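One-letter residues, chain by chain:
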Amino acid sequence: MKRLTPILALALFAGGCASPDGQLAAMARERLALAPDVAWYKHSRDLPVYDPTRETAQLATVISAGQSAGVPAETTRRFFAAEMEASRRIQWEWIHAWRKNLTPAPENPPRDLATDLRPQIDEINRRQIDALARGATPLSIAQLSTMGERFLPKKSLSSPAQSPASTPPVTSQR
């Protein structure tokens, strides 16, 4: 059997990422990578991580966009609710680490949630809906949580499942 040339191997790898499933996973990582910045903003302003009114409205928005793109409402709801939950877990871990001095707080001022971070999240949401409409398999909360582990604070407690910060005071309903 012939060995793959580096160009062919790169093309095969890129083709896998270009699949709807590969794109959805890449966008989920992109979305979860914003969670520490969202946490810093919320922590700096003493805002709650979980805002049920905002999340309900956001879910309604993505469900409507998903239906317009031909994605079943329940598929869209399950995926985005899981993604929001994974993001909240990351945020709670960061805020817990800052409050307990397990990791130093950023020296820079937080990026603005309304004018900087949410527009980025909204754009990722639009691209994720497109991937779902093209047949991507929605990721589960377990998959998203595993992806999100790379965005947790380095000096956090050893296991997110054991950390009091990963147990929210209010949980989302599924």
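Our subject is the structure that appears above.
Here the structure is a predicted model, which means the values were calculated and not measured.

How each quantity is defined
- Residues numbered from 1 in each chain as written.
- Predicted model: local features only at pLDDT ≥ 70, side-chain atom pairs only at ≥ 80, totals over all residues.
- Heavy atoms only, no water.
- Helix = DSSP H or I, 4+ residues; strand = E, 2+ residues; numbered from the N terminus.
- Expected span 1.5 Å × (residues − 1).
- Buried < 20%, exposed > 50% of the residue type's maximum accessible area, 1.4 Å probe, protein only.
- Contact = heavy atoms within 4.5 Å.
- Arc of directions from axis to C-beta.
- Phe/Tyr/Trp six-rings, centres within 6.5 Å; stacked < 30°, edge-to-face > 60°.

Caption draft 1: Seen up close, helix 6 (residues 113-133). An ideal rise of 1.5 Å per residue puts 30 Å on 21 residues; helix 6 measures up with 28 Å between its terminal C-alpha atoms. Every buried residue of helix 6 is listed here: Leu113, Leu117, Ile121, Ile124, Asn125, Gln128, Ile129, Ala131 and Leu132. Where helix 6 is buried, its residues contact helix 2 (20-33), helix 3 (35-44), helix 4 (52-68) and helix 5 (73-99). One or two steps after helix 6, the chain reaches Gly135, where phi turns positive at roughly 105 degrees.

Caption draft 2: Broad picture of helix 7 (residues 141-148). Among the residues of helix 7, Ile141, Leu144, Ser145, Met147 and Gly148 are the ones counted as buried. Burial along helix 7 is one-sided: seen end-on, the buried residues are contained in an arc of 160 degrees. In this structure, the buried residues of helix 7 make contact with helix 2 and helix 5.

Caption draft 3: Here's a closer look at the packing of aromatic side chains. Applying the stated criterion across every chain, the model contains 3 aromatic pairs. Note on Trp40 and Trp98: the rings are 5.2 Å apart at their centroids and 65 degrees apart in plane angle, and the pair reads as edge-to-face. Of this pair, Trp40 sits in helix 3 while Trp98 sits in helix 5, and the two are 58 residues apart along the sequence. Side by side, Trp40 and Trp98 carry an identical accessibility label, which is buried. Taking the centre distance of 5.5 Å and the plane angle of 40 degrees together, the rings of Trp94 and Trp98 count as tilted. With a gap of 4 residues between them, Trp94 and Trp98 both fall in helix 5, about one helical turn apart. Pair check on accessibility: Trp94 and Trp98 agree, each one buried. Among the aromatic side chains, those forming a connected cluster through ring pairs are Trp40, Trp94 and Trp98.

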